[in-house]
Amino acid sequence: MNNALEASISPGLPLPHATRHHLAGTHASPPRWTGHAKGSAAYGRILAGLSFAGVATFAQLYSTQAVLPLLASDLRISAAEAALTISLATVGLAVTVIPWSFLADRIGRVRAMTWGISVATVLGLLVPLAGSFQILLALRLLEGMALGGIPAIAIAYLNEEVTKAHAAVAAGSYVAGTTLGGLAGRLVAGPAGELWGWRAAALAVSVLATLAAVAFLLLVPKARGFVASGGTGLRGAFRTLAGHVRHGRLLALYLQAFLMMGGFVAVYNYLGFRLSGEPFTLPATLISLIFLAYLSGTVTSRWAAGLTMRFGRRSVLLAGLALAVGGLALTLTQSLALILAGLVVFTGGFFAAHSIGAGWTGAIATSGRAQAASLYNLAYYLGSSVLGWAGGLLFQSLGWNALAAAVMLLACLTAAIVAVVHPRREPAVA
């Protein structure tokens, strides 16, 4: 149309201002990116790619947990020292989620996740070769720091690349991948460690994580909704973080992450001790199978995200917390069947609430989404470190019932915060 209009004007004559304005106006500006719709090929690749990223991240993060006794025996260290291989990895992840988020704002979400998962994979393959306990701890710390580039960025990437209507479902799929990763790391390491030692177990998990990382790199599509931000300096960075912390609804989600993850880790840390004592006296091999309860979280994280389309995030999050409380109540009995059933329900409720909370941070934050998600992950892993450890003090002094009651109280406190802070009807534009 523009060519025809230009041809009708005599060559060599200057265009009138109005005509020039009309010609410029006929070039329509590109439509605003609204995200890949559910059912599209790119949407499926995003979900599959981030699920594999979750497997690679959390299989490596907890790769030594199932073989801590073997590791302690081989290196002649105490159980507490062996547990540092987990603690230092999670600490490394916690302290780097925020720096990774700012880096992702500059270089792009996909590139930052690619760097993080690639470096972590290389470090994971070096772990079995550690010549001393000190080198092993250093590698685990660096591995955790590299892995911080995945949870810090994945949720921000989802909220930029997927339609708002299906962002919660996509976040649930990512969380489902994290549950499979955590489970796979433990189940692969256990048998391999029993047969060939902890180094073989670490190698087996690293190979699994490498395959998952390659699948992520092949599947994840190029970002279309990302807009690079310039460096704002240290003051600007603190201003962004302070804005998120002052946001009431975001702060409520951070408190949820801290309280519930702390309670969740405490339950899994010390339930094994209860089952190994009277009246159950289960062997270690059977106790390790309690991690199969993670599969309920794989199901409920996606199921809960889908229910948000009908009932809203607030209602589904509260339902997840209610399930967690009900499941823990069953563990107060002396029936092994009820205890195991309660663990399955508790795990499902926790991951349902977590999938909603993790995805909601990116939906609420209108700017600095990567930083909003990073603060959620920071609270999540701080809760794991602080409350997961403090739960042991309560268990040792007062027993399992006191620990379970304390975690139930944390869940009720979380539900009260959610009910008060989040409106019944979510704003049309978060």
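Residues numbered from 1 in each chain as written. Predicted model: local features only at pLDDT ≥ 70, side-chain atom pairs only at ≥ 80, totals over all residues. Heavy atoms only, no water.

Draft legend 1. The overall build of the chain, seen in detail. Each helix and strand in the chain was counted, giving 18 helices and zero strands. Going through the 430 residues of the chain one by one, you find that 51% of them count as buried. Of all intrachain contacts in the chain linking residues separated by at least 6 positions in sequence, the fraction that spans at least 24 positions is 82%. Summed over its atoms, the accessible surface of the chain is roughly 18900 Å², and 68% of this surface lies on carbon and sulfur atoms. (Helix = DSSP H or I, 4+ residues; strand = E, 2+ residues; numbered from the N terminus. Buried < 20%, exposed > 50% of the residue type's maximum accessible area, 1.4 Å probe, protein only. Contact = heavy atoms within 4.5 Å. Areas by Shrake-Rupley, 256 points an atom, 1.4 Å probe, with all protein chains shown as cover.)

Draft legend 2. Structural view of the nonpolar core. Within the largest apolar cluster, 119 residues are counted, with the highest numbers of intra-cluster contacts made by Leu50, Leu158 and Tyr174. If one sorts the elements of this core by residue count, helix α12 (residues 248-276) sits on top with 14 residues. When near neighbours in sequence (up to four residues on either side) are disregarded, Leu158 contacts Ile46, Leu50, Ala170, Ala171 and Tyr174. (Core = buried A, V, L, I, M, F, W, Y, C linked by side-chain atoms within 4.5 Å.)

Draft legend 3. Spotlight on a nonpolar patch on the surface. Residues Leu180, Leu187, Leu286, Leu289, Leu292 and Leu295 make up a contiguous nonpolar surface patch of about 460 Å² in total accessible area. Note on placement: Leu295 falls in helix α14 (residues 294-311). (Patch = residues over 30% accessible without salt bridge, like charges linked within 9 Å, V, L, I, M, F, W, Y side chains within 5 Å. Salt bridge = Lys/Arg side-chain N within 4 Å of Asp/Glu carboxyl O.)

Draft legend 4. Layout of the packing of helix α3 (residues 41-61) against helix α10 (residues 198-219). In the contact formed by α3 and α10, the axes pass within 8 Å of each other and the chain directions differ by 155 degrees. Taken together, the axes of α3 and α10 are roughly antiparallel relative to one another. Crossing handedness for the pair α3 and α10: left-handed. Of α10, the residues touching α3 (which contributes Arg45, Ala48, Gly49, Leu50, Phe52, Ala53, Val55, Ala56, Ala59 and Gln60) are Val205, Leu208, Ala209, Ala212, Ala213, Ala215, Phe216, Leu218 and Leu219. In terms of residue class, the contact of α3 with α10 is built from 16 nonpolar, two polar and one charged. (Axes fitted to C-alpha atoms, helices over the stretch in contact; angles between N-to-C directions. Parallel < 35°, antiparallel > 145°, perpendicular 65-115°, else oblique. Left-handed = near helix turned anticlockwise from the far one by under 90°. Nonpolar A, V, L, I, M, F, W, Y, C, P; charged D, E, K, R; others polar.)

Draft legend 5. Spotlight on the packing of aromatic side chains. The tally for this structure, following the rule as stated, stands at 14 aromatic pairs. Ring centres 5.0 Å apart and planes at 75 degrees place the aromatic pair Phe350 and Phe351 in the edge-to-face group. Residue classification places Phe350 among the buried residues on the basis of a relative accessible area of 3%. Here the aromatic residues Phe264, Tyr268, Phe291, Tyr294, Phe346, Phe350, Phe351, Tyr376, Tyr380 and Tyr381 are joined through ring pairs into a cluster of three or more. (Phe/Tyr/Trp six-rings, centres within 6.5 Å; stacked < 30°, edge-to-face > 60°.)

Draft legend 6. Representation of the confidence of the model for the chain. Looking at the chain, pLDDT values average 80 and 83% of them are 70 or higher. Counted against residues more than four places away or in other chains, residues 1-29, with its pLDDT under 50, gives eleven contacts. (pLDDT = per-residue confidence, 0-100.)

Draft legend 7. Local environment of the pattern of salt bridges. Enumeration over the complete set of coordinates arrives at three salt bridges. The partner of Arg109 in a salt bridge is Asp105, and the shortest N-O contact between them spans 2.6 Å. Relative accessible area serves as the criterion here: at 4%, Arg109 is assigned to the buried category. Given the relative accessible area of 11%, Asp105 is considered buried. With its nearest N and O atoms 2.6 Å apart, the salt bridge here joins Glu160 to Arg109. One end of the pair, Glu160, is in helix α8 (residues 151-161); the other, Arg109, is in helix α6 (residues 109-126), and 51 residues separate them in sequence.

Draft legend 8. Layout of the environment of Ala59. With respect to the helices, strands and loops of the structure, Ala59 is situated in helix α3. A residue is classified by how much of its surface remains accessible, and Ala59, at 0% relative accessible area, is buried. Separated by 146 residues in the primary sequence, Ala59 and Val205 place their C-alpha atoms 6.6 Å from one another. When neighbours within four sequence positions are excluded, Ala59 is seen to be in contact with Gly54, Gly181, Gly182, Gly185, Val205 and Leu208.

Draft legend 9. Up close: the side chain of Arg274. Among the secondary structure elements, Arg274 is positioned in helix α12. Within the local environment of Arg274, its side chain forms a polar contact with the backbone oxygen of Thr331, the two atoms lying 2.5 Å apart. Once you skip the residues sitting within four places of it in the chain, Arg274 turns out to touch Phe280, Thr331, Leu332, Thr333, Gln334, Ile339, Phe395 and Trp400. (Polar contact = N/O pair within 3.5 Å; in protein donor to acceptor, adjacent residues only side chain to side chain.)

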